[in-house]
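Listed here are the chains, written in short residue letters.
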Amino acid sequence: MAKKKIVLAYSGGLDTSVMLKWLQEQYDSDVVSVTLDVGQGDDLKAIEEKAWKLGVVNHYTFDSKTEFAVEYVFPAIKANALYMDTYPVSSSLSRPLIAKKLVEVAEMEDAYAVAHGCTGKGNDQVRFDVTIKSLNPKLKIIAPVREWKFDRHSEILWAKEHGIPVPVTVDSPYSIDQNLWGRSIEGGVLEYPNKIAPDEIWDWTVPVEKAPNEPEYITIGFHKGVPVSIDGVEMKPVELLQKVHKAGCRHGIGRIEHMEDRTVGLKSRETYEIPAAEILLIAHKDLEKMVLTIHQMLVKREIDHKWTTLVYQGLWVDPLKKDLEAFIDSTQENVTGWVTMKLFKGTAKPVKRDSPYSLYDYNLTSFDINVSYDQGDAVGFISLWGLPSVTSWNLKRKMIEKQTVEEETQKVAPTAKSKI
Ligand code: ARG
């Protein structure tokens, strides 16, 4: 009789390879492996072959790059998503997509459980579990790392005993996660925030010292808040993200690190390479500043912040996300136009922009022209605008005067008495 099936999110790395065998053994189940291409740049054929060799009963490879770009990265651009003002939530975005695919495959394969390689200390487990539970509460969720008692050494021993190929790179102490929107590097010496991150962790971007001595200008075209062209040439979402990514890498753009608050209550030092995100988020925000009113922008900042925190904290499936997106999408109606970015020695700066929906009006703003904006109006406006502040200063002055008079009379009083 065929065994019951578990669907495993399989990256081809050592941990999920050990997991594959471990699940077969510990749960006495068949394993179906699933690998998504979200632009991490792995050899998907080799991963599939490895899975078959380790004895899966079926394997699925999904090219999810376009879905990831359009349904996950683009909403993050519209929301100017930077968790704690720094991290463009690159890993956070891919987890709900992988979880959704796991559930789809589990239903197709009539599996009783899904498994993922997350540890019990990170955010990814929250993102996987909440999405899976919401989409199909009947599925059992297995996170072997939360159960097994392996340390690095015993895991490698176990792998060798079970004929699992242990890559030479196993010495690398880093946990790395990559996709179209960014690369995260954790672990090893990075766990000491008081030590400088070693150069070896950077893989995508050149060091600033080696970046070209000449700047490069790149013009990003936006339509309703999402990037659609580079230097006037329309591009498909994935192609566009990859092109901006390469330009950023060449100029050493997007090496970042910060102290991050994880959803599970821990603080950690996190390092990322985010060349495309750095360039596109700055460009997008610059265009918003041209087409949105100050009132829209002030509220949007808070809504953006809510969206970003929700997504980081693993609640992609919460209905609040759709509610917030209704507001965000409404603001993006006019975020159409272009921004030219100057890429130079690790920096990406907006240097010119335009939009058919621009609220900037040369005739109104220019120092050289004096029509339609009556400078005389400013006087009345300033009187009312500044009235609360001026009033408070008037009161302050009155109080000081009163105090001085009281002090004066107190000084005078005893002399008057002594005269009696
Ligand atoms: N701190 C980031 C986040 O929570 C990065 C997580 C990276 N995940 C990984 N499995 N290496 O989104």
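Up top is the structure these notes are about.
Residues numbered from 1 in each chain as written. Predicted model: local features only at pLDDT ≥ 70, side-chain atom pairs only at ≥ 80, totals over all residues. Heavy atoms only, no water.

**Concerning the packing of helix H3 (residues 65-78) against helix H9 (residues 275-291)**
- Packing of H3 against H9 brings their axes to within 9 Å, and their N-to-C directions diverge by 45°. By the angle class used here, H3 and H9 are oblique. Where H3 approaches H9, its residues Ala76, Ile77 and Lys78 are matched on the opposing element by Leu280, Leu281, His284 and Glu288.
- Class assignment of the residues belonging to the contact of H3 with H9 gives a composition of four nonpolar, one polar and two charged. (Axes fitted to C-alpha atoms, helices over the stretch in contact; angles between N-to-C directions. Helix = DSSP H or I, 4+ residues; strand = E, 2+ residues; numbered from the N terminus. Parallel < 35°, antiparallel > 145°, perpendicular 65-115°, else oblique. Contact = heavy atoms within 4.5 Å. Nonpolar A, V, L, I, M, F, W, Y, C, P; charged D, E, K, R; others polar.)

**Let's talk about the site of the ligand**
- The full set close to the ligand counts 15 residues, and Tyr87, Asn123, Asp124, Arg127 and Glu260 are the nearest of them.
- A distance of 2.6 Å separates an oxygen atom of the ligand from a polar side-chain atom of Tyr87.
- Contact between the ligand and Glu260: a nitrogen atom at 2.8 Å from a side-chain N or O atom of the residue.
- Here the ligand, which alone exposes 340 Å², has 90% of that area covered by the protein.
- Listing elements by their share of the shell around the ligand, those giving two or more residues are helix H4 (90-109), helix H5 (124-135), strand E6 (175-179), strand E7 (182-186) and strand E12 (267-273).
- In terms of residue count, H4 provides more of the shell around the ligand than any other element does, three residues in total.
- For the shell around the ligand, a count of residues per class yields three nonpolar, five polar and seven charged. (Near = heavy atom within 4 Å. Polar contact = N/O pair within 3.5 Å; in protein donor to acceptor, adjacent residues only side chain to side chain. Areas by Shrake-Rupley, 256 points an atom, 1.4 Å probe, with all protein chains shown as cover.)

**Let's talk about the pairing of strand E3 (residues 58-63)**
- Two strands pair when backbone bridges link them, and strand E2 (residues 30-37) and E3 are joined in this way by six bridges, in the parallel orientation. Within the sheet, the bridge partner assigned to Val32 lies in E3 and is Asn58.
- In this view, the connection linking E2 to its parallel neighbour E3 by way of helix H2 (residues 44-53) has right-handed handedness. (Pairing = 2+ DSSP bridges. Right-handed = clockwise from strand over helix to strand, strands pointing away.)

**Comments concerning the packing of H9 against helix H10 (residues 294-312)**
- Running from N to C, H9 and H10 cross one another at 140°; their axes reach a closest spacing of 8 Å. Judged by residue contacts, His284, Glu288, Lys289 and Val291 of H9 engage Gln296, Met297 and Lys300 from H10.
- Broken down by class, the residue content of the contact of H9 with H10 amounts to two nonpolar, two polar and three charged.

**Here we look at the sheet that holds E12**
- Across the sheet, four strands lie side by side as E6-E7-E12-E11; this open sheet has antiparallel pairing. Both outer strands of the open sheet, E6 and strand E11 (255-261), are each paired with one neighbouring strand and no more. The mean inter-strand angle of the sheet, taken between neighbouring strand axes irrespective of direction, is 25°.
- The pairing of E7 with E12 spans three bridges and is antiparallel. The residue bridging Arg183 from the neighbouring strand is Glu273, located in E12.
- In the packing of H4 onto the sheet, contacts are made with E6 and E7, and the angle to E6 comes to roughly 75°.

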